Amino acid sequence: MKTIIISPTFNERKNIKIFIDAVLIENPDFDLLIVDDNSPDGTSEEIKKLQNNFNNLFLIERSGKLGLDSAHKEAYEFALKNNYDLLITMDADLSHDPN
């Protein structure tokens, strides 16, 4: 089954590497989609660097702080368009244990 984990972000630069490493090292067959709401702390720039290490890491950069609901909707559209069977949502602030 094709599985994607989605995680909307805003100002998660300090822990995004820990989150991504934990999710993708623990679940190498899953894809991870980050939907970033134009974080002023540089979250998306950090994700772009990490994409060099993971070919199953995807990023949607949004124009502003558009909110959690619309981030989920955009991620669902990505998942449907790319034929995923399972969709998992997680918070990138490490409140959801990636393991």
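Keep in mind it's a predicted model, so treat the numbers as computed, not measured.

**Focus on the side chain of glutamate 12**
As for its position among the elements, glutamate 12 is in the loop between β1 (3-9) and α1 (13-26). Buried and unpaired, glutamate 12 has lysine 14 as its nearest opposite-charge partner, separated by 6.7 Å. Sequence-distant contacts of glutamate 12, that is, excluding residues within four places in its chain, are made with Asp41, Thr43, Ala92 and Asp93.

**Some words on the nonpolar core**
Judged by nonpolar contacts, the single largest core of 15 residues is most densely connected at Phe19, Ile20, Leu32, Ile34 and Leu57. Ranked by the residues each element gives to this core, the list is headed by α1, at 5 residues. Among all residues touching isoleucine 34, those that are not within four sequence positions of it are Ser7, Thr9, Ile16, Phe19, Ile47, Leu57, Phe58, Leu59 and Ile60. Judged by nonpolar contacts, the second largest core, of 9 residues, contains Ile4, Leu33, Val35 and Ala79.

**Comments concerning the pairing of strand β3 (residues 57-61)**
Examined bridge by bridge, strand β2 (residues 31-36) and β3 share 5 bridges and lie parallel to one another. Among the inter-strand pairings, leucine 32 is bridged to a residue of β3, identified as leucine 57. For the handedness criterion, the β-α-β arrangement of β2, helix α2 (residues 43-50) and β3 is classed as right-handed.

**Comments concerning helix α3 (residues 68-81)**
An ideal rise of 1.5 Å per residue puts 20 Å on 14 residues; α3 measures up with 20 Å between its terminal C-alpha atoms. Those residues of α3 lying buried are Ala71, His72, Ala75 and Ala79. An end-on view of α3 places all buried positions within 95° of arc, on one side of the element. Every exposed residue of α3 that faces more than 90 degrees away from the buried side is listed here: Glu77, Leu80 and Lys81. Buried residues along α3 sit against β1, β2 and β4 (86-89). Just beyond α3, the residue with positive phi is asparagine 83, at close to 60°.

Rules used in this analysis
- Residues numbered from 1 in each chain as written.
- Predicted model: local features only at pLDDT ≥ 70, side-chain atom pairs only at ≥ 80, totals over all residues.
- Heavy atoms only, no water.
- Helix = DSSP H or I, 4+ residues; strand = E, 2+ residues; numbered from the N terminus.
- Buried < 20%, exposed > 50% of the residue type's maximum accessible area, 1.4 Å probe, protein only.
- Lys, Arg positive; Asp, Glu negative; His and termini not counted.
- Salt bridge = Lys/Arg side-chain N within 4 Å of Asp/Glu carboxyl O.
- Contact = heavy atoms within 4.5 Å.
- Core = buried A, V, L, I, M, F, W, Y, C linked by side-chain atoms within 4.5 Å.
- Pairing = 2+ DSSP bridges.
- Right-handed = clockwise from strand over helix to strand, strands pointing away.
- Expected span 1.5 Å × (residues − 1).
- Arc of directions from axis to C-beta.

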